[in-house]
Amino acid sequence: NFSSMIEMSVVPGNDATVSEVELENAYVRYNDLVRGSGEDHYSIRVGVFHPWEAYGAADRGLTNLTRPYFQSNAANYNGSTSFVLWADQAGAELGYTAGKTSIRGTAFNGYAVNGNGDVTAAVGNEGPVKPTGAGGSSQLKDMQFYAQQTLTDNGGSVGVLYYDGRKYQTTAGNAFKDKFKRTSLFASYPMDKFLALGGWEYGKDNFWDTGAGTANGTFKSQGYFAELDYNAYDPLWFGIRLDQFDPSRKTPDNEIRGTTYMANYSFDNGFQLLSQYEDKRTDKGFNSGTQKDRNFQIRGIFLW
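This section reports on the structure supplied with the text. (Residues numbered from 1 in each chain as written. Predicted model: local features only at pLDDT ≥ 70, side-chain atom pairs only at ≥ 80, totals over all residues. Heavy atoms only, no water.)

**So, the overall build of the protein**
Then comes step 1: Of the regular secondary structure elements, the protein holds one helix and 16 strands.
Then comes step 2: Taken across its 304 residues, the protein has 44% of its residues classed as buried.
Then comes step 3: In the protein, of all internal contacts separated by at least 6 residues, the share reaching a separation of at least 24 is 52%.
Then comes step 4: Summed over its atoms, the accessible surface of the protein is roughly 15,600 Å², and 55% of this surface lies on carbon and sulfur atoms. (Helix = DSSP H or I, 4+ residues; strand = E, 2+ residues; numbered from the N terminus. Buried < 20%, exposed > 50% of the residue type's maximum accessible area, 1.4 Å probe, protein only. Contact = heavy atoms within 4.5 Å. Areas by Shrake-Rupley, 256 points an atom, 1.4 Å probe, with all protein chains shown as cover.)

**Some remarks on the side chain of Thr282**
Then comes step 1: Along the polypeptide, Thr282 turns up in strand β15 (residues 271–283).
Then comes step 2: Look past the residues within four positions of Thr282 in its chain and what remains in contact with it is Glu255, Ile256, Gly289, Thr290 and Gln291.

**Some remarks on the environment of Glu7**
Then comes step 1: Assignment of secondary structure puts Glu7 in strand β1 (residues 2–12).
Then comes step 2: Along the chain, Glu7 and Tyr27 lie 20 residues apart, while their C-alpha atoms are 9.5 Å from each other.
Then comes step 3: Beyond its immediate sequence surroundings of up to four residues, Glu7 is in contact with Glu22, Leu23, Glu24, Asn25 and His50.

**Here's the deal with the layout of surface pockets**
Then comes step 1: When its volume is computed, the second largest pocket comes out at roughly 220 Å³.
Then comes step 2: Taken together, 13 residues make up the lining of the second largest pocket; nearest its centre are His50, Trp52, Glu53, Arg60 and Trp86.
Then comes step 3: The set of elements that each furnish at least two residues to the lining of the second largest pocket consists of β1 and β2 (19–33).
Then comes step 4: When the residues that make up the lining of the second largest pocket are grouped by side-chain class, the tally is six nonpolar, two polar and five charged. (1 Å grid on protein atoms, 1.4 Å probe; cavity = no way out; pocket = protein on both sides within 12 Å on 5 of 7 lines; lining within 4 Å. Points joined across faces, edges and corners; volume = space filled by probe spheres on them. Nonpolar A, V, L, I, M, F, W, Y, C, P; charged D, E, K, R; others polar.)

**As for the environment of Ala175**
Then comes step 1: Along the polypeptide, Ala175 turns up in strand β10 (residues 174–191).
Then comes step 2: Linking Ala175 and Ala215, residues 40 residues apart in sequence, is a C-alpha distance of 9.2 Å.

**Things to note about the nonpolar core**
Proteins that are soluble and globular tend to have nonpolar side chains buried together.
Then comes step 1: Counting residues in hydrophobic clusters, the biggest one holds 23 residues, and the most contacted among them are Trp52, Phe70, Phe83, Leu85, Leu161, Phe186 and Phe225.
Then comes step 2: Listed by contribution, the elements that provide at least two residues to this core are α1 (69–72), β9 (157–171), β10, β11 (194–206) and β13 (236–246). (Core = buried A, V, L, I, M, F, W, Y, C linked by side-chain atoms within 4.5 Å.)

**Quick word on unusual backbone geometry**
Then comes step 1: We note that Ser82 has phi near 70°; this positive angle belongs to a residue other than glycine.
Then comes step 2: Examined against the element boundaries, Ser82 turns out to sit in the loop between α1 and β4 (89–98).
Then comes step 3: Residue classification places Ser82 among the partly exposed positions, given a relative accessible area of 31%.
Then comes step 4: Phi at Asp192 is positive, roughly 55°, even though this residue is not glycine.
Then comes step 5: Tracing the sequence through the fold places Asp192 in the loop between β10 and β11.

**Considering the pattern of salt bridges**
Two side chains that carry opposite charge are able to pair once their charged atoms sit near each other.
Then comes step 1: For the coordinates displayed, the defined rule picks out 14 salt bridges.
Then comes step 2: Measuring nitrogen to oxygen at the nearest pair gives 2.5 Å for the salt bridge that ties Arg166 to Asp164.
Then comes step 3: Exposure remark for Asp164: the relative accessible area of 18% places this residue in the buried category.
Then comes step 4: Ionic pairing is found between Glu201 and Arg182, a salt bridge with its closest N-O pair at 3.6 Å. Residue Glu201 is found in strand β11, and its partner Arg182 is found in strand β10; the two are separated by 19 residues along the sequence.
Then comes step 5: Under the relative-accessibility criterion, Glu201 is labelled buried at 1%.
Then comes step 6: Exposure remark for Arg182: the relative accessible area of 4% places this residue in the buried category. (Salt bridge = Lys/Arg side-chain N within 4 Å of Asp/Glu carboxyl O.)

**Notes on the environment of Tyr233**
Then comes step 1: Assignment of secondary structure puts Tyr233 in strand β12 (residues 218–233).
Then comes step 2: For the pair formed by Tyr233 and Lys193, sequence separation is 40 residues and the distance between their alpha carbons is 8.5 Å.

**What to know about the packing of aromatic side chains**
Then comes step 1: Applying the stated rule across the entire model yields 21 aromatic pairs.
Then comes step 2: Each ring, one from Tyr265 and one from Phe267, has its centre 4.8 Å from the other, and the planes form 70°; the classification is edge-to-face.
Then comes step 3: Judged by relative accessible area, Phe267 falls into the partly exposed class, the value being 37%.
Then comes step 4: Three or more aromatic residues joined by ring pairs form one cluster here, namely Tyr27, Phe49, Phe83, Phe108, Tyr163 and Phe180.
Then comes step 5: Its end group placed over the ring of Phe49, Arg45 keeps NZ or CZ at 4.0 Å from the ring centre.
Then comes step 6: The ring centre of Trp86 lies 3.8 Å from the NZ or CZ of Arg67, which sits over that ring. (Phe/Tyr/Trp six-rings, centres within 6.5 Å; stacked < 30°, edge-to-face > 60°. Lys NZ or Arg CZ within 6 Å of the ring centre and 35° of its normal.)

Printed below as a string of structure tokens:
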């Protein structure tokens, strides 16, 4: 009935000679059957973990090395909110699975920002990051709800994610509490050798209005991705993903768009090769043009 997982990564710090150890997973889980219900079961998970577990479009991509833009970029109107959907956090999760339907509710301790500016799990009273004069940050807890219906055994599913959070924010030296929300929908379905996946996200945040001197105003963010994967033959997959994310719908000409081409080859011995080419374009404002970023990655993974 009990299981656990610990996952750590060594990543470069701000100084090229310094590395940081990032704790991605460190949790304990308890599972048990619901008496008289066949295979229906509930689960309790406590510790540090990825924000959600899923199947299909809400899961980590089959062929890509990076998450969709709306999961990996923060909303930003007159200052970055720092928060991204896909960030490890410390918390407690209660779940129930009935047949092919699963529901998870999670209470998170909030998040911290490391030396690289990346969001990490806040353990104890360290997060969310607290600006001067903002009060006790350890009292801010976040809630998340995820529900999923598995449609097929080869990638088909639909899911909905809702996140309700609180964090302290500083804009132009003014500290305020951001009461933010994120809603996401995911869907995927197989068609012969193809697997179609897609997702949409809507966000709402408070911002500091310098004219009014309050944080009562709100702004919205929004994004989506559409992906098509092709199974050339059993161990070889190719894929293409289109991404768009608008960090603030109140601000014109600030969208992030990209096309990612991917390939994945799995050997029979647990070794896997993944590669991708990303063409990313970020609008910098009416008078600043578009920033173009192109990169190629290839990565080997060995599981044993």
